[in-house]
Amino acid sequence: MSATIFKKFVACQAEALAEIKGEWTPNRDQTPLLVGNYLHSYFESKEAHESFLDKHADQVFRNKDRTRKYKVYDDADKMIHVLASDRRFQNLYQGEKESIVTGRIAGVPWMGKLDCLNLENGYFVDLKTTRELSKRYWDSRERRWVPFVLAYDYQLQMVVYRELVKQQYGIECVPLIVAITKQDPPDKAVITIPDEYMEDAMWRINDQLPHFEAVINGDEKPVPCGKCDYCREHKQLDDIISVDDLLND
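Now for a quick tour of the structure.

Rules and cut-offs
Residues numbered from 1 in each chain as written. Predicted model: local features only at pLDDT ≥ 70, side-chain atom pairs only at ≥ 80, totals over all residues. Heavy atoms only, no water. Core = buried A, V, L, I, M, F, W, Y, C linked by side-chain atoms within 4.5 Å. Buried < 20%, exposed > 50% of the residue type's maximum accessible area, 1.4 Å probe, protein only. Helix = DSSP H or I, 4+ residues; strand = E, 2+ residues; numbered from the N terminus. Contact = heavy atoms within 4.5 Å. Polar contact = N/O pair within 3.5 Å; in protein donor to acceptor, adjacent residues only side chain to side chain. Patch = residues over 30% accessible without salt bridge, like charges linked within 9 Å, V, L, I, M, F, W, Y side chains within 5 Å. Areas by Shrake-Rupley, 256 points an atom, 1.4 Å probe, with all protein chains shown as cover. Salt bridge = Lys/Arg side-chain N within 4 Å of Asp/Glu carboxyl O. Axes fitted to C-alpha atoms, helices over the stretch in contact; angles between N-to-C directions. Parallel < 35°, antiparallel > 145°, perpendicular 65-115°, else oblique. Left-handed = near helix turned anticlockwise from the far one by under 90°. Nonpolar A, V, L, I, M, F, W, Y, C, P; charged D, E, K, R; others polar. Phe/Tyr/Trp six-rings, centres within 6.5 Å; stacked < 30°, edge-to-face > 60°. Lys NZ or Arg CZ within 6 Å of the ring centre and 35° of its normal.

Core analysis: the biggest nonpolar cluster contains 38 residues, and F6, W110, V160, I177 and I205 have the highest contact counts within it. If you list the elements that add at least two residues to this core, you get helix 1 (3-11), helix 2 (13-20), strand 1 (96-105), strand 2 (108-118), helix 8 (148-151), helix 9 (154-169), strand 6 (174-181) and helix 10 (195-216). A per-element tally of this core places helix 9 first, with 8 residues. Discounting residues that sit within four places of it in the chain, F6 has contacts with M1, W110, L156, R204, I205, Q208, L209 and F212.

With that settled, the discussion passes to the side chain of T181. Looking at the element boundaries, T181 is found in strand 6. Look at T181 and you get buried, because its relative accessible area is 0%. Looking at T181, its side chain comes within polar contact range of the side chain of Q183, at 2.9 Å. A distance of 2.7 Å separates a polar side-chain atom of T181 from the backbone nitrogen of D187. Sequence-distant contacts of T181, defined by excluding residues within four places in its chain, comprise M79, T130, R131, E132, L133, P186 and D187.

Within the element layout of this structure, K69 appears in the loop between helix 5 (57-60) and helix 6 (71-84). On a C-alpha basis, the gap between K69 and V108 in space is 43 Å, while along the polypeptide they are 39 residues apart. Of the polar contacts made by the side chain of K69, one reaches the side chain of Y38; its length is 2.6 Å. Looking at K69, its side chain comes within polar contact range of the side chain of D77, at 2.9 Å.

All right, on to a nonpolar patch on the surface then. Taken together, the side chains of I5, I20 and I216 make up a nonpolar region of the molecular surface, amounting to roughly 200 Å² of accessible area. Note on placement: I216 falls in helix 10. On the basis of relative accessibility, which here comes to 30%, the residue I216 falls in the partly exposed class.

Contact pair helix 2 / helix 10: the axes reach a minimum separation of 10 Å and the direction vectors enclose 45 degrees. Taken together, the axes of helix 2 and helix 10 lie oblique to each other. For the element pair helix 2 and helix 10, the recorded crossing hand is right-handed. Contacts between helix 2 and helix 10 involve Q13, L17 and I20 from the former and H211, F212, V215 and I216 from the latter. For the contact of helix 2 with helix 10, a count of residues per class yields 5 nonpolar, 2 polar and no charged.

Our focus in this paragraph is the packing of aromatic side chains. Counted under the stated rule, the structure contains 15 aromatic pairs. Seen from their ring centres, Y38 and F52 are 5.9 Å apart, and the 65 degrees between their planes marks the pair as edge-to-face. One end of the pair, Y38, is in helix 3 (residues 31-44); the other, F52, is in helix 4 (residues 46-55), with 14 residues separating them in the sequence. Three or more aromatic residues joined by ring pairs form one cluster here, namely F6, F9, W110 and F212. The ring centre of Y154 lies 4.1 Å from the NZ or CZ of K128, which sits over that ring. Lying over the aromatic face of W145, R136 brings its terminal NZ or CZ to 4.6 Å of the ring centre.

As structure tokens, this is what we get:
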């Protein structure tokens with residue numbers, strides 16, 4: 001299990017199960033993921049960045065001699081410059097890059113990959129790109145507006161990483177998010193997450209994971225969300241609904 005897979009099951013159990021079984025491939029634009037990996041590889045090492053460029057040259061460069069990049073990567077270079085020229089970030093982003101941590105949560109094996117782990121000073125850093133630091137998102141579970149960190153459930157990822165680091169190294173590290181925006185010029189911030197949000201995330205993991213594992217093992221049926229691409233593609237007309245049922249939360 002990983003934070004990414006867990007969050008996919010939270011979003012839609014039916015789609016997540018079909019995806020991990022190889023029966024469904026989401027039709028998503030991979031550009032945001034590639035741009036994020038482009039930025040991460042730069043701060044991992046020169047070798048990692050060159051390897052990324054070699055592997056994804058057709059997506060990054062407009063021409064074969066690799067002198068012109070597509071706009072999204074030019075924008076990513078601006079984000080890289082903003083971080084690389086920031087003294088606080090330079091001092092903070094020190095430690096083991098792309099560190100793999102493993103352990104067990106709720107009786108299930110988990111794995112995570114940390115962008116930067118600094119055991120000596122007791123923290124780890126996760127790089128995140130976002131539209132704007134102060135943009136609000138509606139949380140239908142909490143029924144309130146929340147910032148991007150909570151909207152994308154990064155608190156769940158951070159509490160998983162913190163627990164796996166503690167199990168593997170015996171050190172409880174402080175999770176830090178370094179956020180860089182896609183604005184021109186980019187904005188940036190170092191963000192901490194209050195324990196109450198991470199405790200809620202761990203409670204949700206312990207509450208939901210047994211069912212998710214049973215679904216993966218074929219012992220229980222997945223609950224479809226009814227709204228995602230997978231559910232729409234496999235939808236069969238059933239009940240007749242009222243016009244009042246058409247509004248989403």
